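Residues per chain are reported as follows:
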Amino acid sequence: MQVVIIGAGLAGVTAAWELCQSGHTVTVLDRQPEAAAETSRANAGLVAPGHATPWASPRVPGILFKSLFSTGQVYRLRPRLDRHMLRWGLRFLGQCTHRALVENTGHEYRLCRYSQTRLHAVTEEAGLDYHSQQGGLFYLYRSQSTLRAGTEHMKLMQDLGHDVRTLGVDDIVALDPAFEQAADGIAGAAYCPTDESGDSRLFTLGLADACRRRGVEFVFDCTVERLVTGGDRIRSIQTSSGGYEPDLVVLASGVEAPRLTRPIGFDLPIYPVKGYSVTFPIDEKHRAPVIGGLDEDNLIAFSRLGSRLRVTSVAEIAGYDASCRPADFKHMIGVFSRLLPDAADYGKPDYWACLRPMTPNGRPILGPSRYANLYLNVGHGNMGWTMACGTARLVADVINGRDTDIPMDALTLH
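The notes below deal with the structure included here.

Helix and strand counts for the chain stand at 10 helices and 20 strands. Seen through its C-alpha atoms, the chain measures out along the principal axes to roughly 65 × 45 × 40 Å. Long-range pairs, those at least 24 residues apart, make up 76% of the contacts in the chain with a sequence separation of at least 6. Summed over all atoms, the accessible surface of the chain reaches about 16700 Å², with 49% contributed by carbon and sulfur. Here the chain carries 42 positive and 45 negative side-chain charges, and the mean point of each set is 6 Å from the other.

Our focus in this paragraph is the packing of helix H4 (residues 98-126) against helix H7 (residues 200-213). Where H4 contacts H7, the two axes come as close as 10 Å, and the packing angle between them is 55°. As far as their axial angle goes, H7 and H4 are oblique. Note on packing geometry: the crossing formed by H4 with H7 is left-handed. Mapping the contact onto sequence places Leu119, Val122, Thr123 and Ala126 in H4 and Phe203, Leu207, Ala210 and Arg213 in H7. The residue makeup of the contact of H4 with H7, split by class, is 6 nonpolar, 1 polar and 1 charged.

Time to look at the packing of helix H1 (residues 10-21) against helix H10 (residues 384-399). Axis separation between H1 and H10 bottoms out at 8 Å; the angle between their running directions is 40°. One way to sum up the angle between H1 and H10 is to call them oblique. For the pair H1 and H10, the crossing hand works out as right-handed. Two secondary-structure elements touch here, H1 through Leu10, Thr14, Ala15, Glu18 and Leu19 and H10 through Gly384, Trp385, Ala388, Cys389, Ala392, Arg393, Ala396 and Ile399.

Of all 5 residues that make up strand S5 (residues 137-141), 5 are buried, and the element is covered over most of its length. Here S5 shows a buried face lined by Leu137, Tyr139 and Tyr141 and a second buried face lined by Phe138 and Leu140. Inspection of the sheet shows S5 paired to strand S7 (residues 188-192) by 5 bridges, in the antiparallel sense. Bridging across to S7, Phe138 finds its partner in Tyr191.

We now examine the nonpolar core. Membership of the largest hydrophobic core comes to 82 residues, with the highest contact counts inside it found for Ile5, Val26, Phe203 and Leu207. The element that contributes the greatest number of residues to this core is H10, accounting for 9 residues.

Rules and cut-offs
Residues numbered from 1 in each chain as written. Predicted model: local features only at pLDDT ≥ 70, side-chain atom pairs only at ≥ 80, totals over all residues. Heavy atoms only, no water. Helix = DSSP H or I, 4+ residues; strand = E, 2+ residues; numbered from the N terminus. Contact = heavy atoms within 4.5 Å. Areas by Shrake-Rupley, 256 points an atom, 1.4 Å probe, with all protein chains shown as cover. Lys, Arg positive; Asp, Glu negative; His and termini not counted. Charge placed at Lys NZ, Arg CZ, Asp CG, Glu CD. Axes fitted to C-alpha atoms, helices over the stretch in contact; angles between N-to-C directions. Parallel < 35°, antiparallel > 145°, perpendicular 65-115°, else oblique. Left-handed = near helix turned anticlockwise from the far one by under 90°. Nonpolar A, V, L, I, M, F, W, Y, C, P; charged D, E, K, R; others polar. Buried < 20%, exposed > 50% of the residue type's maximum accessible area, 1.4 Å probe, protein only. Pairing = 2+ DSSP bridges. Core = buried A, V, L, I, M, F, W, Y, C linked by side-chain atoms within 4.5 Å.

This is the structure:
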């Protein structure tokens with residue numbers, strides 16, 4: 001079949017790979033000049049089933065309320081006159097219960113573990129190099145009290161079958177000597193030896209090249225203006241580069257997806273949550289960590305990507321503005337550079353901000369829509385790098401009429 005995929009980020013390019021591998025003729029449309037130019041460009045770099053916990057939790061409403069009066073919160077709410085923000089926010093608050101947290105974590109974790117196996121398979125199939133580091137991830141805690149609370153929280157992941165180990169400072173330094181400089185600032189860590197890290201942009205660009213070699217066409221600088229329907233089908237896609245009349249459409253356009261579906265009769269429960277990312281150079285005089293992870297007390301993620309160190313933080317609900325200023329990064333850089341002062345050249349920051357396509361419950365929305373030839377691969381939120389290869393395979397299996405490797409009932413549009 002002739003398939004058009006809307007979006008050339010992680011979700012779109014991995015879907016293109018799966019569909020071209022199964023014999024479809026695939027075209028990918030994207031408004032940017034290259035693949036992975038928006039949310040997939042500079043994320044935390046963590047492939048982290050051990051952190052497959054949705055943001056909606058019992059403690060988050062209080063943090064969001066405090067953020068209205070304080071600038072120091074990692075979760076931030078910037079209200080605006082936007083009915084879509086209000087509708088999404090109310091659904092998000094509805095997921096901030098312990099029962100929903102446990103249920104949503106189970107669904108996320110199973111998808112993330114499955115996706116990690118698909119990531120390894122795709123990497124081998126396509127021969128990709130993206131600074132992969134498979135030595136596990138540290139989830140660091142600054143005090144004994146937060147370490148105890150974090151260890152208790154991680155029991156949920158252990159109950160789901162994940163390998164989680166509690167480490168003291170000496171154990172952390174033994175695994176990665178770069179953390180000797182942080183020894184006075186941490187109490188310990190939860191260590192997940194099967195978690196990993198890597199550069200999602202390099203992965204996506206490399207996979208896009210592999211797709212091209214298999215006949216996939218990429219059309220960049222191409223803005224999708226609207227989907228034209230007829231009966232129960234998408235009849236055409238109108239773009240700034242002309243019209244397309246495919247047999248089948250896969251929507252993988254991140255935060256832009258609701259803008260395309262609302263005019264054709266259904267709204268996707270997706271809203272942008274802004275994240276901030278800064279990347280620093282590393283040279284031979286620096287003691288950069290090899291093992292990435294998360295400063296759990298401050299919710300700052302970090303990963304080494306070859307000769308660069310990536311640091312990310314913040315979940316800001318503030319609409320569709322993806323702009324950033326150096327002042328936006330002052331707190332996160334200060335906290336992290338005090339923890340690992342010799343890890344990188346902090347005087348040469350490369351700033352970036354992006355809009356994560358979040359659903360209220362943290363799960364992506366996959367598979368069929370109300371139109372017979374429109375399929376969804378959207379809503380990956382903060383776990384897009386971890387989930388992408390798995391969701392692409394699941395959507396391809398549904399399109400191809402195959403049984404999926406994991407259940408889809410909690411991941412479809414309801």
